[in-house]
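Spelled out, the chains give:
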Amino acid sequence: LSGLWEVGTGLESVVQVNTLFPNIASLDYSAVVGGQSNTSAGPLSAIIGGQSNTVSAEASAIIGGNDNIIATGATGSAIVGGDTNKVVLGNDSGIFAGSLNLITGDTSVVLGGRANRVNATRSGILGGVLNYIQLGSDYSTIIGGNTNTIHPGSTFSSIIAGENNELTGNASVIIGGGGITGTSDNTVYVPSISFGNEVSRWRLQELDIGDWNMDST
């Protein structure tokens, strides 16, 4: 190699030269393309652009952003953009944009937002701030909102928007509102519903979807 490229310290590894802020490719078949102060320390891993990003896991990648980390054990994971995001022990997981987001569960995802955490398997958070899917809450999602939590064992559950909402029931949903705690299985929780000019309110009460027929015919 010559010119803008040099051999890394790992077998068949390569880095794009940056004399002021060097990039490092320290394990076998790793690469760093562009950016500055990036370290690809996982076999078969790569970093493309960005600053101060680190990949220590096998077959993983970071594209852009800064201060992002994919730790050892997070095999096959990716971070695209954002800053100070981390994937730790979450195989085949990904964070896309946002900041201070964390994944520790396998096959999980965070799309944007800030300070969101997914510790469960096959779960995801889309945007919002300080939302948390805890360990054991597999196949669950949080969409937007602020400081919403799906607690351990609450599988196949979702929180959609709102703030300070909490779920402990399985296969349940909270839609909007604030300060709602859902403890029952197979239940939908809402703060209020408006049908045309009429408003029906269920404050922290349960909607039994099995009995809720909205057929207008």
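Above this text you will find the structure in question.
Let us look at the structure shown here. Model, not experiment: these values are computed from the prediction.

## Here we look at the sheet that holds strand S23 (residues 181-182)
Paired through backbone hydrogen bonds, the strands of a sheet run either parallel or antiparallel to each other. If you trace the eleven strands from one edge of the open sheet to the other, you get S3-S5-S7-S9-S11-S13-S15-S17-S19-S21-S23, paired in parallel fashion. Each edge of the open sheet is held by one strand with a lone partner, namely strand S3 (24-25) and S23. Two strands pair when backbone bridges link them, and strand S19 (residues 149-150) and strand S21 (residues 166-167) are joined in this way by two bridges, in the parallel orientation. Bridged to Thr149 within S21 is Glu166.

## Quick word on the environment of Ala41
Inspection of the secondary structure assignment puts Ala41 in the loop between strand S5 (39-40) and strand S6 (46-48). Distance from Ala41 to Val55, taken between C-alpha atoms, is 5.6 Å for residues 14 residues apart in sequence. Other than its neighbours up to four places away in sequence, Ala41 contacts Ser26, Leu27, Val55 and Ser56.

## A word on the packing of aromatic side chains
Per the counting criterion, the structure on display carries one aromatic pair. When the centroid spacing of 4.8 Å and the interplanar angle of 5° are considered together, the rings of Tyr139 and Phe156 count as stacked. Linking Tyr139 in the loop between strand S17 (132-133) and strand S18 (141-143) with Phe156 in the loop between S19 and strand S20 (158-160), this pair joins segments that are 17 residues apart in sequence. Residue classification places Tyr139 among the partly exposed positions, given a relative accessible area of 41%. Residue class for Phe156 comes out exposed when judged on its relative accessible area of 52%. Seen from the ring of Tyr132, Arg117 lies directly overhead, with NZ or CZ sitting 3.7 Å from the centre.

Reading guide: rules and limits
Residues numbered from 1 in each chain as written. Predicted model: local features only at pLDDT ≥ 70, side-chain atom pairs only at ≥ 80, totals over all residues. Heavy atoms only, no water. Pairing = 2+ DSSP bridges. Helix = DSSP H or I, 4+ residues; strand = E, 2+ residues; numbered from the N terminus. Contact = heavy atoms within 4.5 Å. Phe/Tyr/Trp six-rings, centres within 6.5 Å; stacked < 30°, edge-to-face > 60°. Buried < 20%, exposed > 50% of the residue type's maximum accessible area, 1.4 Å probe, protein only. Lys NZ or Arg CZ within 6 Å of the ring centre and 35° of its normal.

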